[in-house]
Amino acid sequence: PGNDFLGWLDLPEQMLSQVDAIAARANEIRANSDVLICIGIGGSYLGSKAAIEFLSPAFEAQRKPLVVFCGHQVSSDALGDLLDFIADKDVSVNVISKSGTTTEPGIAFRVIREFMEKKYGRSGAAARITATTDPASGALRKLATAEGYATFPIPEDVGGRFSVLTAVGLLPIAVAGVDIRELVQGAIDAKKFTSGSDLSTNIAARYAVARNILFRQGKVMEVLASFQPQIHFVGEWWKQLAGESEGKDRTGIFPATLDYTTDLHSLGQWMQEGSRTVFETFILFNKTRRSITIPSFADDGDGMNYLAGKDFEFVNDKAFKGTLLAHLDGGVPCSVIRVEDRSAAALGQLFYFFEKTIAISGYLLRVNPFDQPGVEAYKKNMFALLGKAGTEKQGEVLKKRLMDLGI
Ligand code: PA5
């Protein structure tokens, strides 16, 4: 099941021929924009957000152009703040939706399109809008053709959460100043250690097998834990990849993320002594970009002089090792994934590694890892409650149920 959605397997090689066209559009945007607004949800946003947070400096003021995201929720406060923020800025827009019919990005794009057309005129706005969508069909493709927006295709056989290495991810990532060829090359290189049936050399298969053995032993939750905040949104991307691919047919490992050492002071207690239904995967960098040494003070008022002259990452490493041993002692099975550094190449490897792992893991769970039928349930109710044509009867039933619930 799902074998018509395996396009992501050989996607990196295929993208090499498209990288220049994507980079060229990104350079136009970089030249004339303070801000790129990316409008999309789920797989149409998390991959680029993950890459930009992983590869960019921490503070938004250090980034130019700034890539911001909307259309991944329905919050008027969030959108209103964005409109205030961009009022006096030069703006480009990348609206991203494979289906072209998703409500959240659809209504956000209406608001942003109105802003753009008021600011730049209809044809001026069109020149600043790029649509990334289905190559031939869907409402967004039609609109883009009618308005003359630049477009990039999402291959039909690549699902949203596996699309980070298509233009879905690559255009925003390139606008953020990343060498997307290096990212794609990293994914190609990952094939070396994610292919074949030998578990000693195919680490994606080994990880998939390990997590399924643990799941069958009652470890129904996996925590992806990192000691570097830059990886936080890779975790958010991974949560969608794993959760939407595996959580169906009343099975699936629940994916969660923790940011250490921050969360050792909040959920660390639960990890150490809470219900033993969890296993943990640590994700570590071999090298960080910076080295910061702890200074010495003659008074040693805080008693930290024993760490003077040591690098922050020396302390971080001991925090990891201490946590690993403590959690093993507490009955949490642990694995370790080592990422070389905070480079585009290493991230490309990581993306491909996780995609391969989750696809194999889904098949080990005997589910179709490439569909998401359960996502339709909330949409059906929402459309009926919104009064979409043809759903009126269902809408009445739902309103009555809500009244009975006192909501
Ligand atoms: O993985 C998936 O297919 C989904 O999460 C989609 O990415 C998400 O629902 C957005 O869909 P679309 O790109 O069609 O707007």
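All values reported here derive from a predicted model rather than from experimental measurement. (Residues numbered from 1 in each chain as written. Predicted model: local features only at pLDDT ≥ 70, side-chain atom pairs only at ≥ 80, totals over all residues. Heavy atoms only, no water.)

Asks: What is the right way to look at the overall build of the protein chain in this model?
Replies: A tally of helices and strands in the protein chain yields 15 helices and 9 strands. When its C-alpha atoms are laid out on the principal axes, the protein chain stretches across 65 × 50 × 50 Å. Counting across all 407 residues of the protein chain, residues that qualify as buried make up 47%. Across the protein chain, contacts joining residues at least 24 apart in sequence account for 77% of those joining residues at least 6 apart. As displayed, the protein chain offers around 19,400 Å² of accessible surface, 56% of which is attributable to carbon and sulfur atoms. Between the averaged position of the 44 positive side-chain charges in the protein chain and that of its 48 negative side-chain charges there is a distance of 4 Å. (Helix = DSSP H or I, 4+ residues; strand = E, 2+ residues; numbered from the N terminus. Buried < 20%, exposed > 50% of the residue type's maximum accessible area, 1.4 Å probe, protein only. Contact = heavy atoms within 4.5 Å. Areas by Shrake-Rupley, 256 points an atom, 1.4 Å probe, with all protein chains shown as cover. Lys, Arg positive; Asp, Glu negative; His and termini not counted. Charge placed at Lys NZ, Arg CZ, Asp CG, Glu CD.)

Asks: I'm lost on the site of the ligand in this one. Help?
Replies: By nearness alone, every residue bordering the ligand is listed as I41, G43, S44, S97, K98, S99, T102, G160, R161, Q240, E244 and Q372. The separation between an oxygen atom of the ligand and a polar side-chain atom of T102 is 2.5 Å. Between the ligand and E244, the relevant distance is 2.8 Å, taken from an oxygen atom to a side-chain nitrogen or oxygen of the residue. Its free accessible area being 390 Å², the ligand has 87% of it covered by the protein chains. (Near = heavy atom within 4 Å. Polar contact = N/O pair within 3.5 Å; in protein donor to acceptor, adjacent residues only side chain to side chain.)

Asks: Explain the packing of helix α10 (residues 232-246) against helix α13 (residues 344-364) here, please?
Replies: Between two packed helices, both the angle of their axes relative to each other and the distance between the axes serve to describe the pair. Following both chains from N to C, one finds α10 and α13 inclined at 20°, their axes separated by 9 Å at the closest point. If you check the angle between α10 and α13, you find them roughly parallel. When you trace α10 past α13, the crossing you get is right-handed. Each of V234, W237, W238, L241, A242, S245 and E246 in α10 lies in contact with α13, whose residues at this interface are L347, L350, F351, F354, E355, I358, S361 and G362. Split into classes, the residues belonging to the contact of α10 with α13 amount to 10 nonpolar, 3 polar and 2 charged. (Axes fitted to C-alpha atoms, helices over the stretch in contact; angles between N-to-C directions. Parallel < 35°, antiparallel > 145°, perpendicular 65-115°, else oblique. Left-handed = near helix turned anticlockwise from the far one by under 90°. Nonpolar A, V, L, I, M, F, W, Y, C, P; charged D, E, K, R; others polar.)

Asks: Quick question: what am I supposed to make of the environment of R25 here?
Replies: With respect to the helices and strands, R25 occurs in helix α2 (residues 19-32). Each C-alpha atom of the pair R25 and D77 lies 31 Å from the other, and the pair is 52 residues apart in sequence. When neighbours within four sequence positions are excluded, R25 is seen to be in contact with A127, R128, I129, T130, A150, F152 and L171. A distance of 2.8 Å separates polar atoms of two side chains, one belonging to R25 and the other to E28.

Asks: I tried to follow the environment of S163 on my own but got confused; where do I start?
Replies: In this structure, S163 sits in the loop between β5 (150-153) and α7 (167-175). When the C-alpha atoms of S163 and N212 are compared, they prove to be 25 Å apart, with 49 residues separating the residues in sequence. Each residue touching S163, except ones within four places of it in the same chain, is listed here: G43, I154, V158, V168 and G169. One polar contact links the side chain of S163 to the main-chain carbonyl oxygen of G43, over a distance of 3.5 Å.

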